[in-house]
Every structure is written in structure tokens, then in C-alpha cells.
Amino acid sequence: MEAVVFILSLVDCCTLIFLSVYFIITLSDLECDYINARACCSKLNKWVIPEMVGQCLTTMLMLVSLHWFIFLLNAPVAVWNIYRYTKVPMGNMGVFDPTEIHNRGQLKSHMKEAMVKLGYHLLCFFIYLYSMILALIND
């Protein structure tokens, strides 16, 4: 059972790594003016909820399977994703808003956030991989 938990977490983590890379590529395309702000924000907002669900799924999976250290590692990112989604001002298109993305350095902060999440998900990937191998050996 423990191996299944880590296999599911590993698959989820791979999906979140892909999403982080997609966010970085799309934001860098906006930064270089390859796409306009409206197209960029509509592409990114489409993936905010799946990213939040994926992170919360892994967090709940670790809570249910009583892996406390990994749960505590995942909980702040899940809470941050939920907070970011719930604090979108009224009238905005979503977390990424085309009218505000160039204001006050939001593009840079979104890019930093995507880079930090990529590093975090890569770290989690290797933790899940190690835990999965350990669980398969012990079974």
C-alpha cells in the first residue's frame, strides 16, 4: 500500500513539474513579447486550478497515509496555492490578470514563484522516488 501512495505521488509530482515548466516558458514568452498579455494570462489561468488540485491531492495522500514529514513539506505549498486563488480581486481575470501583469513587477514575481515551485517539485520528486524505492524493497 505504501508503494502505491508514493507511485501516485510521483506521477502527480511529474505533472506538477511539467506545469511549472509550462508556466516558466509562457511567462518568459510574455517577457520577450512573443505573446500578448491576454493570451498569456488565459493560458496560465486555465492551469491554476489543476495545479492547486494536484498539490492538495498529494498533501491529502500524505496525511491519510501518515507520512508526517512529507505532509508538512507539502502543506505550505498547498495552502499558498489556495490562498493565492481565493485572494484574486473582483474584476480580475484570474490569478494572472492581463491588465496588471506588467504593473509593480508582477511578471517578475510570477516568474520567481514558478522557478521556486520548479525547484520545490524537483526536490519532492527525488524524495518520492527514494521513498517509493524504499517501500518496494521493504514489501
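For the structure itself, look to the data block above.
The following paragraphs examine the structure supplied in this document. (Residues numbered from 1 in each chain as written. Predicted model: local features only at pLDDT ≥ 70, side-chain atom pairs only at ≥ 80, totals over all residues. Heavy atoms only, no water.)

## Remarks on unusual backbone geometry
In plain terms, the rule: Working definition: helices are DSSP H or I runs of at least four residues, strands are E runs of at least two. Numbering for both runs from the N terminus.
Positive phi, normally seen in glycine, also occurs at Asp33, with a value near 65 degrees. By the element assignment, Asp33 lies in the loop between α1 (2–31) and α2 (37–45).

## So, the nonpolar core
Spelled out, the test is: Nonpolar core, defined: a set of buried Ala, Val, Leu, Ile, Met, Phe, Trp, Tyr and Cys residues in which side-chain atoms within 4.5 Å join the residues together. Only protein chains enter the accessibility calculation, which uses a 1.4 Å probe; a residue whose area is less than 20% of its type maximum is buried, one above 50% is exposed, and one in between is partly exposed.
Within the largest apolar cluster, 36 residues are counted, with the highest numbers of intra-cluster contacts made by Phe6, Leu27, Met62, Phe96, Ile101 and Tyr128. Only α1, α2, α3 (48–64), α4 (68–86) and α5 (106–138) provide two or more residues apiece to this core. If you tally residues by element for this core, the top one is α1, at twelve residues.

## Considerations on the packing of α1 against α2
Rule in force here: Axis angles are defined between N-to-C directions and span 0 to 180 degrees, where every axis is a line fitted to C-alpha atoms and, for a helix, only to the segment in contact. Roughly parallel covers angles under 35 degrees, roughly antiparallel covers those over 145, roughly perpendicular covers 65 to 115, and oblique covers all other angles. We call two residues in contact when some of their heavy atoms are within 4.5 Å. Charged means Asp, Glu, Lys or Arg here, nonpolar means Ala, Val, Leu, Ile, Met, Phe, Trp, Tyr, Cys or Pro, and polar covers whatever is left, Gly included.
At a minimum axis separation of 9 Å, α1 and α2 run at an interaxial angle of 170 degrees. In this view, α1 runs roughly antiparallel relative to α2, as classed from their interaxial angle. Between α1 and α2, the residues in contact are Tyr22, Phe23, Thr26, Leu27 and Leu30 and Ala37, Cys40, Lys43 and Leu44, respectively. The class makeup of the residues in the contact of α1 with α2 is seven nonpolar, one polar and one charged.

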